[in-house]
Each structure stands twice: as structure tokens, then as C-alpha cells.
Amino acid sequence: LLASAVALMPAAVFAADLTVGFSQIGSESGWRAAETSVAKLEAEKRGITLKFADAQQKQENQIKAIRSFIAQGVDGIFIAPVVATGWDEVLEEAKDADIPVLLLDRKVDASDDLYLTSVTSDTVYEGKVAGEWLAEAVGGAECNIVELQGTTGSSPAIDRKNGFEQGIAGSDNLKIVRSQTGDFTRSQGKVVMESFLKAEGGENICALYAHNDDMAVGAIQAIKEAGLKPGEDILVVAIDAVPDAHLAIANGEMNATIELTPNMAGPAYDALEKYLADGTMPPKWIQTESRLFTASDDNNAIYEEKKQLGY
Ligand code: GZL
């Protein structure tokens, strides 16, 4: 009788016993802050205990946090890996402790038997969509592009650069004349854009491609302080579709962004619960959607909606 009662128990009850350790990169961008708040919300919805560690964008802090989660014997470990390399040893330790690891929003250069699954967008595709949009917007005109790269060595920075170059490959009139990391932050985006404007001359820059909206928003400030009109004198395309990007597009100061869902944790919790409940192996990659937003979308309404999401 007891066995059949347990068998009928809803999955949520099993989830109530789950403890997950989340090694988060930091809070370098509005998108990252949203990913964190959604991860906490999704844990609450499932009755999962979430142990959260903010690494202030340092890999050694992530590795320390992961070791601590292993010592605490958590049921699963989520990692948003700040860079793609240097994870093998600690992932082996988690595997030896029989604790499944799930990657959120970024990838690692490690054998995929060291993690249960990765929940990310197609970051090459995002860059390609940005490049194709710009090629379409510019038409046949000569266009010197400046690029703000994400965190050096992170998988989205590597992929979004490659994808963008694929997107503009067919347009000889489009050329990347300056490219430098802004570390995915607004403040660095502004500082690096100021140096681009100084070195290149604002009148010679036709467009900015930023690997995330936060760097673009910082750069927009620099473009305005240089007496130029962002979105007109210098076209601006980026990725994440955070509320402030929709606002900038609504105000004509930005032209396009590609959406990255902040809910990477939801699918990860579901995959972990299923794996722990009955051993189901998820695919190694759970891909999230990417969608282009431009001035033709109702950006003011979308801004209001997304403001509720904890960005
Ligand atoms: C991409 C994610 C990036 C966001 C940035 O998947 O890792 O990190 O685009 C964030 O906003 O810093």
C-alpha cells in the first residue's frame, strides 16, 4: 500500500528534497541579473532549495563555490561558466562525487561526459542575425563597423564574433575597423566606445555591433557625448533584448537587438528532476530561442512587460 502511495506522489514532492548549488558569474549585465532572479523564482516554484554563489566574474571564485557545493553534497550543480576553458579538474571532481553538473547560458571546452546538459542559445546564430540585419540595413553603402566584444575567452564572445563575421561575409562594403572587449558591462562599453570615437573619428564610424545590450547602452552614452546621434549617425545592433534596449529602440537611439531568454534555469531544473527521478538522460544541448527585435516592434509595451521580470 505504501509503495503504491509513494508511486502516486507528485514529482513536486520529490523536488521538495532537491538542493541545487548555482555558481553564477556575477551581475555584470541587466540580463545576468534577470537570469539570477528567474533562477530563484523557478526554484521556489518547484520547491527546490537553491544555494547561490556570485563569483564577481572570477573563475577561481566559481571553482571554489563548486568545490563547496560538492562538499555539501548537493543534488545538482548549475554553472554559468565565465570563460570556456579551465573546468576539467573541478568537473571531474563533481563527476567523482556523482553530482550532475548543468551548464547555463555559456559553454565549456570540456568533454560532454563531464556535464549532464547545457542550456544555452545558439550564440553563433545570434551574431549571424545581427550581421545579416546590418547588411540589410546598410544596403550597398560603405560601412565601417566597430565591435564591442564580450568577456575575453567566454563562449558567447567567441561565437558572437564568428557569427557576425558570417553574417556580413557576403557584403564587401561592410568592414570591422575596430574590435575590443567591453567585458559585457555598460561602463566598459562606454569607455571603449569613447576610445573608438577618438581613434577612428565618429564621422568615419557607420555602425556599432555590441555582443550585449549593456555595452551598447554604455556606448550610446559615449556617442551622444561626442555630439552624434546613435541609431542615425551610428547604427547600433546588439544582443539580449533587455528592457533598456527596447527603450533605446523606441527612442530611435538603437536599431536592433536579438533576444536571449533569462530563463535558462527552468529547463535545467526540469532536466535534473527527470534525471534524478528516473535516470532519463537529457540532450547535451537544450537550445533556447533567439528572436530579432527592431523599431517595427512595440518596444514601449515590451519594455513595460520585461521590467516586471527582475532585470
Ligand atoms: C550569453 C550570456 C551573456 C549575455 C550578457 O549567453 O552569457 O552574458 O549576453 C551576459 O549580457 O553578461
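Going by the annotation in an unreviewed UniProt entry, the name recorded for the protein is ABC transporter substrate-binding protein, with Halocynthiibacter halioticoli given as the source organism. As recorded by UniProt, the Sequence similarities (unreviewed entry) comment attached to the protein reads in full: "Belongs to the bacterial solute-binding protein 2 family." Under Subcellular location (unreviewed entry), UniProt gives the following word-for-word description of the protein: "Cell envelope".

A. Molecular detail of the state of the cysteines. Going through the model one piece at a time under the given rule, you end up with one disulfide. Here Cys143 is linked by a disulfide to Cys206, with a sulfur-sulfur distance of 1.9 Å. Because the torsion about its S-S bond is -85°, the bridge between Cys143 and Cys206 counts as left-handed. Residue Cys143 is found in strand 6 (residues 143-149), and its partner Cys206 is found in the loop between helix 8 (186-200) and strand 8 (207-210); the two are separated by 63 residues along the sequence.

B. Up close: the UniProt feature "domain: Periplasmic binding protein" (unreviewed entry) in the protein. Annotation from UniProt places "domain: Periplasmic binding protein" (unreviewed entry) at residues 21-265. From the first C-alpha to the last, residues 21-265 spans 12 Å; its make-up is 44% helix and 21% strand.

C. Main features of the site of the ligand. If you check the shell around the ligand, you find Glu28, Ser29, Trp31, Arg32, Asp105, Arg106, Pro156, Arg160, Phe184, Asn212, Asp240 and Leu260 and nothing else. The side chain of Arg32 places a nitrogen or oxygen atom 2.9 Å from an oxygen atom of the ligand. Taking Asp240, its side chain carries an N or O atom lying 2.6 Å from an oxygen atom of the ligand. Expressed as a share of its isolated accessible area of 320 Å², the protein-covered part of the ligand is 100%. Class assignment of the residues belonging to the shell around the ligand gives a composition of four nonpolar, two polar and six charged.

D. How the structure looks around unusual backbone geometry. Not every positive phi belongs to a glycine, and Gln57 is a case in point at roughly 60°. Checked against the element boundaries, Gln57 lands in the loop between strand 2 (49-54) and helix 4 (59-72). Notably, Asp183 is not glycine yet its phi reads approximately 55°, a positive angle. A residue is classified by how much of its surface remains accessible, and Asp183, at 27% relative accessible area, is partly exposed.

E. Up close: helix 7 (residues 155-168). If you check helix 7, its first and last C-alpha atoms are 20 Å apart, about what 14 residues at 1.5 Å a residue would give, namely 20 Å. Listing the buried residues of helix 7 in full gives Ser155, Pro156, Ala157, Asp159, Arg160, Gly163, Phe164, Gly167 and Ile168. At its buried positions, helix 7 is contacted by helix 6 (123-138), strand 6, strand 7 (174-181), strand 8, strand 9 (235-240) and strand 10 (256-260).

F. Up close: the side chain of Asn212. Relative to the helices and strands, Asn212 is located in the loop between strand 8 and helix 9 (213-225). Take Asn212: its relative accessible area is 2%, and that puts it in the buried class.

G. Highlighting the pattern of salt bridges. As enumerated under the stated definition, the model contains 25 salt bridges in all. As a salt-bridge pair, Glu253 and Lys224 come within 2.7 Å of each other at their nearest N and O atoms. One end of the pair, Glu253, is in the loop between helix 10 (243-250) and strand 10; the other, Lys224, is in helix 9, and 29 residues separate them in sequence. Classification of Lys224 by relative accessible area gives partly exposed; the value is 37%. Beyond isolated ion pairs, a larger network of salt bridges with shared partners links Glu28, Arg32, Glu35, Asp105 and Arg106.

H. Broad picture of a negative patch on the surface. Taken together, the side chains of Asp88, Glu92, Asp96 and Asp109 make up a negatively charged region of the molecular surface. With respect to the element layout, Asp88 can be found in helix 5 (residues 88-96). Looking at Asp88, the relative accessible area reads 38%, which means it is partly exposed.

I. Structural detail: the sheet that holds strand 10. Read from one edge to the other, the open sheet built from six strands follows the order 7-6-8-9-10-12, with strand pairing classed as mixed. Looking at which strands have only one partner, the edges of the open sheet turn out to be strand 7 and strand 12 (290-294). The average angle at which neighbouring strand axes cross in this sheet is 15°, direction not considered. Here strand 9 runs beside strand 10; their pairing, made up of four bridges, is parallel. Following the sheet pairing, Ala238 is matched in strand 10 by Thr257. Where helix 8 meets the sheet, its contacts fall on strand 6, strand 7 and strand 8, and the angle it forms with strand 7 comes to roughly 135°.

What counts as what
- Residues numbered from 1 in each chain as written.
- Predicted model: local features only at pLDDT ≥ 70, side-chain atom pairs only at ≥ 80, totals over all residues.
- Heavy atoms only, no water.
- UniProt positions renumbered as here; feature names shortened; annotations may be inferred.
- Disulfide = S-S within 2.5 Å.
- Helix = DSSP H or I, 4+ residues; strand = E, 2+ residues; numbered from the N terminus.
- Near = heavy atom within 4 Å.
- Polar contact = N/O pair within 3.5 Å; in protein donor to acceptor, adjacent residues only side chain to side chain.
- Areas by Shrake-Rupley, 256 points an atom, 1.4 Å probe, with all protein chains shown as cover.
- Nonpolar A, V, L, I, M, F, W, Y, C, P; charged D, E, K, R; others polar.
- Buried < 20%, exposed > 50% of the residue type's maximum accessible area, 1.4 Å probe, protein only.
- Expected span 1.5 Å × (residues − 1).
- Contact = heavy atoms within 4.5 Å.
- Salt bridge = Lys/Arg side-chain N within 4 Å of Asp/Glu carboxyl O.
- Patch = residues over 30% accessible without salt bridge, like charges linked within 9 Å, V, L, I, M, F, W, Y side chains within 5 Å.
- Lys, Arg positive; Asp, Glu negative; His and termini not counted.
- Charge placed at Lys NZ, Arg CZ, Asp CG, Glu CD.
- Pairing = 2+ DSSP bridges.
- Axes fitted to C-alpha atoms, helices over the stretch in contact; angles between N-to-C directions.

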